[in-house]
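What follows is the residue order along each chain.
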Amino acid sequence: MTLRHFLKDSSISSPEQSEILRLALEIKADRLKYQPLRGPKAVGVMTDKPTLRTQVSFCVGVAELGGYPMFVDSRLAGVGQRESVADVARVLGRQVSAIVWRTFGQDRLEEMAGLVGVPVVNALTDDFHPCQVLADLMTVAEAVGGVSSLSGVKLAYLGDGSNNMAQSYLLGGALAGLEVVIACPAGFQPKAEIVAEAAALAALAGGGVTVTSDPVAAVANAGVVATDTWVSMGQEGEADARQAPFLPYRVDGEVMALAAPEAIFLHCLPAYRGKEVTAGVIDGPQSRVWDEAENRLHAQKALLIWLLDQAGRD
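The following refers to the structure shown.

### Some details on the nonpolar core
Part 1: Core analysis: the largest hydrophobic core is formed by 60 residues, its most contacted members being Val121 and Tyr169.
Part 2: One finds Val219, Val251, Ala271 and Val281 within the second-largest nonpolar core, a separate group that totals 21 residues.

Next up, the structure:
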């Protein structure tokens with residue numbers, strides 16, 4: 001059995017990412033074409049953090065693949081407190097075909113993957129949000145004419161460069177051959193080791209990565225402009241202190257005017273209109289956030305199909 005996990009964006013190669021994205025586009029055109037979980041087989045969908053899109057897209061997706069989405073509120077289960085991650089892994093691994101986990105530390109996810117014996121999918125950690133970036137790349141591919149047209153597209157992300165979305169944009173965008181530019185204030189840059197890994201991946205895929213404090217230069221001629229909340233889960237106590245440093249990175253009409261004429265806007269949601277983005281942008285004609293949210297479903301189904309196929313090989 002070839003057991004593969006999706007713990008961060010670079011858990012897969014550039015060709016594998018392209019394969020998954022093409023499958024996602026195929027699935028979107030025919031949602032019930034593939035049903036590898038017929039039986040139904042169960043997939044554990046666990047969450048330690050508040051969720052809307054993750055819960056909905058994975059539960060609907062597993063059902064459309066013919067399976068049973070077993071939603072586990074891991075706060076209620078007490079994973080890591082009432083029961084160790086190791087013990088939970090040993091229990092679940094005998095009963096489910098895959099684990100999807102939205103949690104805090106990346107180490108928790110890696111511990112689960114090392115013991116569970118079935119594919120593990122990162123549905124969000126403090127460091128990475130790779131399923132969201134798969135959906136974002138799918139959304140960009142729809143806008144530019146397909147997966148083969150992703151290479152060379154400039155994606156400018158404005159905001160907190162140290163959060164999971166910025167770091168996943170670096171890795172996932174680099175794999176796709178994008179020119180990824182992260183514009184963020186001092187003190188909020190991505191981890192140096194992630195920037196280095198992304199730069200190495202970009203060199204192989206024909207793209208590039210840049211981290212800057214200049215939002216104007218970042219957005220210039222970009223085909224994609226993206227942002228995220230300035231206050232991630234667990235940082236609510238920093239909300240007031242974050243306003244001043246992040247205000248120059250707000251995405252408004254003037255910022256979008258600096259991008260390419262055909263540029264699209266992305267936001268993983270939830271969004272706070274008037275803070276990281278204005279209502280005129282997120283609700284305007286360049287916004288693709290609702291396509292992006294829907295594409296979580298299709299991209300994640302494609303990912304699960306791919307992981308299950310890998311696990312079924314000798």
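### Brief notes about the layout of surface pockets
Part 1: Computed from the structure, the second largest pocket encloses a volume of approximately 180 Å³.
Part 2: Every residue lining the second largest pocket is listed: Met46, Met70, Val72, Ala77, Val79, Glu83, Val88, Val91 and Leu92.
Part 3: Counting residues per element, the ones that place at least two in the lining of the second largest pocket are strand E2 (68-73) and helix H4 (85-92).
Part 4: No other element matches the 3 residues that H4 contributes to the lining of the second largest pocket.

### Details of empty space enclosed by the protein
Part 1: Tallying each qualifying case throughout the model produces 1 cavity of 30 Å³ or more.
Part 2: What the largest cavity holds in volume is close to 30 Å³.
Part 3: Along its surface, the largest cavity is lined by Val45, Met46, Thr47, Thr51, Thr54, Gln55, Phe71, Val100, Arg102 and Ala123.
Part 4: Of all the elements in the fold, those that place two or more residues in the lining of the largest cavity are strand E1 (42-47), helix H2 (53-64) and strand E3 (98-102).

### Let's talk about the packing of helix H1 (residues 14-29) against helix H6 (residues 130-144)
Part 1: Contact geometry for H1 and H6: axes closest at 10 Å, N-to-C directions at 70°. Our classification of the angle between H1 and H6 gives roughly perpendicular. In terms of crossing hand, the pair formed by H1 and H6 is right-handed. For the pair formed by H1 and H6, the contact residues are Gln17, Ile20, Leu21, Ala24, Leu25 and Lys28 on the first element and Leu134, Leu137, Met138 and Glu142 on the second.
Part 2: Tallied by class, residues from the contact of H1 with H6 come to 7 nonpolar, 1 polar and 2 charged.

### Details of the side chain of Glu64
Part 1: In this structure, Glu64 sits in helix H2.
Part 2: The exposure class assigned to Glu64 is buried, which follows from its relative accessible area of 13%.
Part 3: With residues near it in sequence (within four places) discarded, Glu64 still touches Arg31, Leu32, Tyr34, Gln35, Leu297 and Lys301.

### Focus on the packing of aromatic side chains
Part 1: The full count for this structure, using the stated rule, is 3 aromatic pairs.
Part 2: Pairing Tyr157 with Tyr169 gives two aromatic rings, centres 5.8 Å apart and planes at 50°, and the pair type is tilted. Pair noted here: Tyr157 is in strand E5 (residues 154-158) and Tyr169 is in helix H7 (residues 164-175), with a separation of 12 residues, a long-range link.
Part 3: Here Tyr157 falls in the buried class, since its relative accessible area comes to 0%.
Part 4: Pairing Phe188 with Phe246 gives two aromatic rings, centres 4.8 Å apart and planes at 55°, and the pair type is tilted. Remark: Phe246 occurs in helix H10 (residues 239-246) and Phe188 occurs in the loop between strand E6 (179-183) and helix H8 (192-205); sequence separation between them is 58 residues. For the pair Phe188 and Phe246, a shared accessibility class is recorded, and that class is buried.

About the criteria used
- Residues take numbers from 1 onward in each chain, read along the sequence in its written order.
- Thresholds applied to this predicted model are a pLDDT of at least 70 for local features of residues and 80 or more for the giving and counting of side-chain atom pairs; totals over whole chains, interfaces and linings are not thresholded and use all residues.
- Calculated side-chain values reflect all of the structure's heavy atoms, with hydrogen atoms and water omitted.
- The term nonpolar core refers to a set of buried residues drawn from Ala, Val, Leu, Ile, Met, Phe, Trp, Tyr and Cys, joined through side-chain atoms within 4.5 Å.
- Using a 1.4 Å probe on the protein chains alone, a residue whose accessible area is under 20% of its type maximum counts as buried, one over 50% counts as exposed, and one in between counts as partly exposed.
- Note on definitions: the grid is 1 Å and covers protein atoms alone; a cavity is a set of points where a 1.4 Å probe fits but cannot get out; a pocket is an open set with protein on both sides within 12 Å along at least five of seven lines; lining residues have an atom within 4 Å of a point.
- Grid points are joined across faces, edges and corners, and a volume is the space filled by probe spheres set on the points.
- A helix here means a DSSP run of H or I that spans at least four residues, while a strand means a run of E at least two residues long, and both kinds are numbered starting from the N terminus.
- Working convention: axes come from line fits to C-alpha atoms, limited for helices to the stretch in contact. Angles between N-to-C directions cover 0 to 180 degrees.
- Angle categories are assigned with fixed cut-offs, so that under 35 degrees is roughly parallel, over 145 is roughly antiparallel, 65 to 115 is roughly perpendicular, and the rest are oblique.
- Note: crossing handedness is left-handed where the near helix turns anticlockwise from the far helix by less than a right angle, and right-handed where it turns clockwise.
- In this description, contact between two residues means that some pair of their heavy atoms is separated by no more than 4.5 Å.
- Asp, Glu, Lys and Arg are counted as charged, while Ala, Val, Leu, Ile, Met, Phe, Trp, Tyr, Cys and Pro are counted as nonpolar; the rest, among them Gly, fall into the polar class.
- Stacked, tilted and edge-to-face are the three classes assigned to paired rings of Phe, Tyr and Trp, where Trp is represented by its six-membered ring and a pair needs centres within 6.5 Å; plane angles under 30 degrees give stacked, over 60 edge-to-face, the rest tilted.

Distances and angles like these do not, on their own, reveal function.
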